[in-house]
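Observations on the three-dimensional arrangement
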Amino acid sequence: MTPFHFTAGNVPLLVSIPHAGTQLTPEVDAGLSDAARGLPDTDWHLPLLYDFVRDLGASVLIGHYSRFVIDLNRPADNQPLYTTATTGLYPETLFDGSPTFAAGKTPSAEVRQGYLESIWQPYHQQLQQELARLKAQYGYALLFDAHSIASVIPRLFEGRLPDLNIGTNDGASCSTAVIEAIKQVCSEQQEYSWIANGRFKGGYITRAYGQPEQGVQAVQLELAQLNYMDETPPFAWQQDRAAQLQKVLKPLMQAFLAAGKPQ
């Protein structure tokens, strides 16, 4: 299994989807706890939800492996991104706090080092190469990191999560023009609640590559999953809900493209 699927586009936008993968390595497959067996913390169906970006001309990078193998949106040194509850490069617990692996079945450090070299590094190398290509061709690059999560996870946040959670590393990963354009799209619609730099400010990808002073602008969007799928197994896609959500996601992406162009 290759670590990712990539298609190059023809506009200065790369859409990264690091957490939709469900592929497991033999060691992880053999060791998962019963609670983790159904891969509950997956960003289900995001490649389908964001398929419209291909018509916009965006490049698309999709990770193939489950975050239970290795989390592509965490730093290679596994330093925590949040002071609140979170999961690491090699998740030892599910979002609800239950163990990812059965007792004594956690992959070894040596095996996990292999995941870093064969899965994490190739994804980030491809991401870096595409951003460099876009910068060389257009003079700048835009990175949209797409995520989703169950709307209610008491261990991670209180109450129900807003529907649209925009992350820009507290404004450091993109220009003021970009975040204001995205906020305007969110403000002009009435169906979905939204917040900027709330519980989710952007993971490693947004923080590491969003360098507007270097010509790369990055935005993360964490979606509440109930707006396009069922949040209980088997985590079914809901076409009617997804189509409604896409009516906001598409203008949001178009606003990013327009505002991200240097003036």
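Above this note sits the structure.
The sections below set out a description of the structure shown in this document. (Residues numbered from 1 in each chain as written. Predicted model: local features only at pLDDT ≥ 70, side-chain atom pairs only at ≥ 80, totals over all residues. Heavy atoms only, no water.)

Scanning the protein chain from terminus to terminus reveals seven helices and seven strands. When its helices and strands are written in sequence order, the protein chain yields β-β-α-α-α-β-α-β-β-α-β-α-β-α. A compact globule built from 263 residues should have a C-alpha radius of gyration of about 18 Å, and the protein chain, at 18 Å, falls within 12% of that. Over its C-alpha atoms, taken along the principal directions, the protein chain stretches across nearly 55 × 40 × 35 Å. Out of the 263 residues in the protein chain, the part that is buried amounts to 54%. Within the protein chain, residue pairs in contact and separated by at least 24 positions form 79% of the contacts whose partners lie at least 6 positions apart. Counting every atom, the protein chain has about 11100 Å² of accessible surface; 51% of that belongs to carbon and sulfur. (Helix = DSSP H or I, 4+ residues; strand = E, 2+ residues; numbered from the N terminus. Rg over C-alpha atoms; globule rule 2.2 N^0.38 Å. Buried < 20%, exposed > 50% of the residue type's maximum accessible area, 1.4 Å probe, protein only. Contact = heavy atoms within 4.5 Å. Areas by Shrake-Rupley, 256 points an atom, 1.4 Å probe, with all protein chains shown as cover.)

Mapped onto the elements, Gln 184 comes out in helix α5 (residues 176–188). Residue classification places Gln 184 among the partly exposed residues on the basis of a relative accessible area of 47%. Here the side chain of Gln 184 touches Glu 188 through a polar contact of 2.9 Å, side chain to side chain. (Polar contact = N/O pair within 3.5 Å; in protein donor to acceptor, adjacent residues only side chain to side chain.)

This part takes up unusual backbone geometry. A cis geometry characterises the amide bond from Pro 233 onward to Pro 234, with omega recorded as 5 degrees. As for its placement among the helices and strands, Pro 234 is situated in the loop between β7 (216–224) and α7 (239–260). Even without a glycine there, the phi angle at Leu 39 is positive, about 55 degrees. Judged by relative accessible area, Leu 39 falls into the buried class, the value being 7%. Phi is positive for Phe 235, which is not a glycine, with a value near 60 degrees. We classify Phe 235 as buried; its relative accessible area is 7%.

Turning our eyes to something else, we now look at the layout of surface pockets. When its volume is computed, the largest pocket comes out at roughly 220 Å³. Taken together, 16 residues line the largest pocket, and the ones lying closest to its centre are Pro 40, Asp 41, Phe 95, Ala 150 and Ile 153. Within the lining of the largest pocket, the residues separate by chemical class into nine nonpolar, three polar and four charged. (1 Å grid on protein atoms, 1.4 Å probe; cavity = no way out; pocket = protein on both sides within 12 Å on 5 of 7 lines; lining within 4 Å. Points joined across faces, edges and corners; volume = space filled by probe spheres on them. Nonpolar A, V, L, I, M, F, W, Y, C, P; charged D, E, K, R; others polar.)

Remark: α5 packs on α7, axes separated minimally by 9 Å, with the N-to-C direction vectors making an angle of 155 degrees. Comparing their axes, α7 and α5 come out roughly antiparallel. The handedness of the crossing between α5 and α7 is right-handed. Across from Ala 177, Val 178, Ala 181, Ile 182, Val 185 and Cys 186 in α5, the residues of α7 making contact are Val 248, Pro 251, Leu 252, Ala 255, Phe 256, Ala 259 and Gly 260. (Axes fitted to C-alpha atoms, helices over the stretch in contact; angles between N-to-C directions. Parallel < 35°, antiparallel > 145°, perpendicular 65-115°, else oblique. Left-handed = near helix turned anticlockwise from the far one by under 90°.)

On to the pairing of strand β2 (residues 13–17), then. Counting buried positions over the five residues of β2 gives five, a clear majority of the element. Residues Leu 13, Val 15 and Ile 17 line one face of β2 and the alternating positions Leu 14 and Ser 16 line the opposite face, and both faces are buried. The sheet contact formed by β2 and strand β4 (residues 141–149) spans four bridges and is parallel. Bridge pairing links Leu 13 to Leu 142 in β4. As paired strands, β2 and strand β3 (residues 59–63) are joined by four bridges and run parallel to one another. Along β3, the bridge assignment pairs Val 15 with Val 60. (Pairing = 2+ DSSP bridges.)

Tallied over the full model, the rule gives nine aromatic pairs. Both rings, one in Phe 4 and one in Tyr 123, keep their centres 6.5 Å apart while their planes meet at 80 degrees; by these two values the pair is edge-to-face. Remark: Tyr 123 occurs in helix α4 (residues 109–138) and Phe 4 occurs in strand β1 (residues 4–7); sequence separation between them is 119 residues. Taking the relative accessible area as the measure of exposure, Phe 4 reaches 19% and is therefore buried. On the numbers, 6.2 Å between centres and 75 degrees between planes, the contact of Phe 157 with Phe 200 is edge-to-face. Of this pair, Phe 157 sits in the loop between β4 and β5 (164–167) while Phe 200 is found in the loop between β6 (194–196) and α6 (204–209), placing the two residues 43 residues apart along the sequence. Residue class for Phe 157 comes out buried when judged on its relative accessible area of 7%. Overall, the relative accessible area of 8% leaves Phe 200 in the buried class. Linked through ring pairs, Tyr 50, Phe 52, Phe 144 and Phe 256 together constitute an aromatic cluster. (Phe/Tyr/Trp six-rings, centres within 6.5 Å; stacked < 30°, edge-to-face > 60°.)

This paragraph deals with the pattern of salt bridges. Evaluation of the coordinates by the stated rule reveals eleven salt bridges. Between Asp 51 and Arg 54 there is a salt bridge whose closest N-O contact spans 3.1 Å. For Arg 54, a relative accessible area of 32% translates into the label partly exposed. Note that Arg 160 and Asp 163 form a salt bridge whose closest N and O atoms lie 2.7 Å from each other. Take Arg 160: its relative accessible area is 48%, and that puts it in the partly exposed class. Judged by relative accessible area, which is 4%, Asp 163 ranks as buried. Among the charged side chains, a salt-bridge network with shared partners connects Asp 43, Arg 67, Asp 71 and Arg 74. (Salt bridge = Lys/Arg side-chain N within 4 Å of Asp/Glu carboxyl O.)

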